[in-house]
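Listed below are the residues making up each chain.
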Amino acid sequence: MFKRLNVLLIAFIFFMIIGPAYAVSGELSNVKDYLDYLTDDEESELQEAIDSVRTGYNLDVVIVITDDTEGKSSKDFADDYYDYNGHGVGSDSSGLLMLINMAEREVWISTTGKAIDIFTDSRIAEMIDDVVGHLSEGEYFEASNTFIDDIRYYVEMGVPQGQHRVEQEYQGQSSTAYYHKVTYFDKVLGLMQSFYVFLFALIISGIATILASLSSKGTVTINNHTYEAKGSFVLSSSRDDFIRETTTKTEIHKDSGDSTSSIHTGSSGTTHGGGGGKF
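Residues take numbers from 1 onward in each chain, read along the sequence in its written order. At least 70 in pLDDT is required for a residue's local features to be given in this predicted model, at least 80 for side-chain atom pairs to be given and counted, and no such filter applies to totals for whole chains, interfaces and linings, which use all residues. No hydrogens and no water enter the side-chain calculation; it runs on all heavy atoms of the structure.

**Considerations on the pattern of salt bridges**
Then, in step 1: Salt bridges are defined by distance alone: a side-chain nitrogen of Lys or Arg within 4 Å of a carboxyl oxygen of Asp or Glu. Per the stated rule, a full pass over the model turns up 7 salt bridges.
Then, in step 2: In this structure, lysine 72 and glutamate 70 form a salt bridge, with 3.9 Å as the shortest nitrogen-oxygen distance.
Then, in step 3: Burial classes: relative accessible area under 20% of the type maximum marks a residue as buried, over 50% as exposed, and values in between as partly exposed (1.4 Å probe, protein chains only). When its relative accessible area of 30% is taken as the criterion, lysine 72 is described as partly exposed.
Then, in step 4: Judged by its relative accessible area of 56%, glutamate 70 is exposed.
Then, in step 5: Here glutamate 106 and lysine 278 are joined by a salt bridge, their closest N and O atoms 3.2 Å apart. With glutamate 106 in strand E4 (residues 106-112) and lysine 278 in strand E7 (residues 271-278), this residue pair connects regions lying 172 residues apart in the sequence.
Then, in step 6: Under the relative-accessibility criterion, glutamate 106 is labelled buried at 5%.
Then, in step 7: Three or more residues joined by partner-sharing salt bridges are found here, namely Glu70, Lys72 and Asp80. Counting from the N terminus, the helices are the DSSP runs of H or I reaching at least four residues and the strands are the DSSP runs of E reaching at least two.

Structure (structure tokens):
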């Protein structure tokens, strides 16, 4: 009787101590497949890869597959999911989340903390290009693995030279629209769309043409044959001599060199970067 009570007491204490740890671990699982596209083995393999990234690079990685974004855009849902579910490493909650939104067939990568500086706009665009092919074919495990591999690749490269953050408003209604930095060239293009600019240019060109015509004093009468006696120059032979051949090779890197990280503020007040596309 007493032995049985002791066993039950030990089991109860074990459950009270160990049980919450398992519950917390389950809640913080980084692979959230709400549509069961991934097998249990695939989820476990992805989780192991994510754990190694978290341990080795101090970056959290989250993958979410769903068709319900609660009425939010892919961008807003990805940011909020990351913020309100306790993801992130360090005081700045560094990490990335890839959302696969099956309702809109969109993929969005949200970055936080130091991940914003490492994963610039151009790098995120490359990562999106790398995964959309797999997603279009329904290869969700392969797309997730590619996402993690790309994270390792760019983290090893580090923050690109000249990297800087640009805070911008989100452009357009589509959650797949990219951020756009307004440059001097954009302003010039904006001016060129005005009717008055074209009218002004037409008037100036017309005045210039008239002035050029009035200043002309006659036609040109001297050319390359003016001082040459007729028949004095005859080309008797011609020859092409090959001297040498020079070949120059230039290595083309995957990273295009764009060092801009576009940022915005999520509903939680946290700063995020990111980008996305359709598949």
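Let us keep going from here.
**So, unusual backbone geometry**
Then, in step 1: Notably, serine 93 is not glycine yet its phi reads approximately 55°, a positive angle.
Then, in step 2: For serine 93, the position within the fold is in the loop between helix H3 (74-84) and strand E3 (95-101).
Then, in step 3: A relative accessible area of 25% means that serine 93 is categorised as partly exposed.
Then, in step 4: Of note, arginine 105 is a non-glycine position whose phi angle comes to about 50°, a positive value.
Then, in step 5: Position of arginine 105 relative to the elements: it lies in the loop between E3 and E4.

**A closer look at H3**
Then, in step 1: Burial within H3 is extensive, with 9 of its 11 residues counted as buried.
Then, in step 2: Buried residues of H3: Ser74, Lys75, Phe77, Ala78, Asp79, Asp80, Tyr81, Tyr82 and Asp83, and no others.
Then, in step 3: One or two steps after H3, the chain reaches glycine 86, where phi turns positive at roughly 70°.

**Considerations on a negative patch on the surface**
Then, in step 1: Like charges within 9 Å and nonpolar side chains (Val, Leu, Ile, Met, Phe, Trp, Tyr) within 5 Å are joined into patches, using only residues over 30% in relative accessible area that form no salt bridge. The Shrake-Rupley method, run with a 1.4 Å probe, gives the accessible areas here. Residue values count only the displayed protein chains as cover. Positive charge is attributed to Lys and Arg, negative charge to Asp and Glu, and no charge count is given to His or to the chain ends. Lysine's charge is taken at NZ, arginine's at CZ, aspartate's at CG and glutamate's at CD. On the surface, Asp36, Asp40, Asp41, Glu45, Glu48 and Asp51 cluster together into a negatively charged patch.
Then, in step 2: Residue placement: aspartate 51 occurs in helix H2 (residues 40-57).
Then, in step 3: The class for aspartate 51 is partly exposed, based on a relative accessible area of 35%.

**Details of the sheet that holds strand E5 (residues 164-167)**
Then, in step 1: We call two strands paired when DSSP finds no fewer than two bridges between them. Spatial ordering of the open sheet is given by E1-E2-E3-E4-E7-E6-E5, a layout of 7 strands whose pairing is mixed. Both edges of this open sheet fall to strand E1 (31-33) and E5, since each of them pairs with a single strand only. Each strand axis lies, on average, 25° off the axis of its neighbour in the sheet, ignoring direction.
Then, in step 2: Its contacts with the sheet put H2 on E1 and strand E2 (60-66), and the angle it makes with E1 is roughly 150°.
Then, in step 3: Contact definition: two residues touch when any of their heavy atoms are within 4.5 Å. Here an axis means a line fitted to C-alpha atoms, over the contact stretch when the element is a helix, while the angle between two N-to-C directions is reported on a 0 to 180 degree scale. This element, helix H5 (residues 121-136), spans E3, E4, strand E6 (260-265) and E7 of the sheet and lies at about 145° to E4.

**Considerations on the pairing of E2**
Then, in step 1: The element E2 is largely enclosed, with a buried count of 7 among its 7 residues.
Then, in step 2: Of the two faces of E2, both are covered, the one formed by Asp60, Val62, Val64 and Thr66 as well as the one formed by Val61, Ile63 and Ile65.
Then, in step 3: As defined by bridge partners, E1 adjoins E2 across 3 bridges and the pair is classed as parallel. By the bridge assignment for E2, lysine 32 is matched with valine 64.

**Examining H5**
Then, in step 1: Given a rise of 1.5 Å per residue, 16 residues ought to cover 22 Å, and the 22 Å separating the end C-alpha atoms of H5 matches this to within 8%.
Then, in step 2: Residues of H5 that are buried include every one of Asp121, Ser122, Arg123, Ile124, Met127, Ile128, Val131, Val132 and Leu135, and no others.
Then, in step 3: Against the buried residues of H5 lie E3, E4, helix H4 (114-118), helix H6 (140-157), E6 and E7.
Then, in step 4: Once H5 finishes, glycine 138 follows within two positions and takes phi at roughly 75°, a positive value. The span you would expect from a helix comes to 1.5 Å times its residue count less one.

**Overview of the nonpolar core**
Then, in step 1: Judged by nonpolar contacts, the single largest core of 34 residues is most densely connected at Leu96, Phe119, Phe147 and Ile151.
Then, in step 2: Breaking this core down by element, the ones donating at least two residues are H2, E2, E3, E4, H4, H5 and H6.
Then, in step 3: Setting aside its immediate chain neighbours within four residues, phenylalanine 147 contacts Val61, Val62, Ile63, Leu96, Leu97, Met98, Ile109, Met127 and Val131.
Then, in step 4: Formed by 9 residues, the second largest nonpolar core is a distinct cluster that contains Phe77, Ala78, Tyr82 and Leu99. In this description, a nonpolar core means a group of buried Ala, Val, Leu, Ile, Met, Phe, Trp, Tyr and Cys residues linked to one another through side-chain atoms lying within 4.5 Å.

Taken by themselves, the reported measurements are silent on function.
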